[in-house]
Amino acid sequence: MKLERVKLPSSIRSIEAFLFYDCRSLVSVDIPQSVASVGGHAFQNCLMLESVVLPESVTEIRDYTFLSNRSLRSFDMSSIASIGDWAFYDCRTFDTVSLPAVRSIGVKGFQACSKLRFVHMPFVESLGSESFANCGSLVDVGIPSSTTYIGQKAFANCTGLTSVSLPSNTTT
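Cut-offs and rules
- Residues numbered from 1 in each chain as written.
- Predicted model: local features only at pLDDT ≥ 70, side-chain atom pairs only at ≥ 80, totals over all residues.
- Heavy atoms only, no water.
- Pairing = 2+ DSSP bridges.
- Helix = DSSP H or I, 4+ residues; strand = E, 2+ residues; numbered from the N terminus.
- Axes fitted to C-alpha atoms, helices over the stretch in contact; angles between N-to-C directions.
- Buried < 20%, exposed > 50% of the residue type's maximum accessible area, 1.4 Å probe, protein only.
- Contact = heavy atoms within 4.5 Å.

Side note on the sheet that holds strand E15 (residues 163–165)
Across the sheet, four strands lie side by side as E9-E11-E13-E15; this open sheet has parallel pairing. Looking along the sheet, the strands with just one partner apiece sit at the ends: strand E9 (96–98) and E15. Averaged over neighbouring strand pairs, the angle between their axes works out to 5 degrees when direction is ignored. Relative to strand E13 (residues 140–142), strand E11 (residues 118–120) is paired through two bridges, and the arrangement is parallel. Looking at E13, one finds that phenylalanine 118 is bridged to aspartate 140.

Listed below in structure tokens is the structure:
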């Protein structure tokens, strides 16, 4: 039996770590407003997962949560303030990522998102090491004045990158 669609009941308060780990046929998950947290690795290796809408009560994407989700095209991150290490590593189909509330992106948070071209992160304060490394399609990054730390190799091997604007208060 291949698990393709899941509708979680409104009695669920959290999605525990590894809950849907390696569910390679999972295409969609209906997550109720009652969910306040999603554990690390919860959707790792869900190769067919295309879209995720998390309730506004979820403000953190933990380590490895969506690692290697190669079909994930859209993701509403409007309420997310923190993105953990390796959270979206190898999510190859992202084109544009808007992070309107994100303050920190962990180590390798978006590394190897090979089709990622644009990133909007107006309030980010910290970019972990290799956070956007190997994003070969990335063309333009605007680093806001709120950014005070950029880790090593944050944009390593971003061969399409033509412009990066850095504020004067940034340290590496």
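Now that the structure has been shown, we can carry on.
A word on the environment of glycine 142
Along the chain, glycine 142 falls in strand E13. Judged by its relative accessible area of 41%, glycine 142 falls in the partly exposed class. A C-alpha to C-alpha distance of 7.1 Å links glycine 142 and leucine 166, two positions 24 residues apart in sequence. Residues in contact with glycine 142, not counting those within four places in the same chain, are Met121 and Ser165.

Regarding the sheet that holds strand E8 (residues 82–83)
If you walk across this open sheet you meet the five strands as E6-E8-E10-E12-E14, and the pairing is parallel. The two strands at the open ends of the sheet, each matched to only one other strand, are strand E6 (60–61) and strand E14 (149–150). Bridging between E8 and strand E10 (residues 104–105) involves two bridges; their strand directions are parallel. Counted as the bridge partner of isoleucine 83 is isoleucine 105 from E10.

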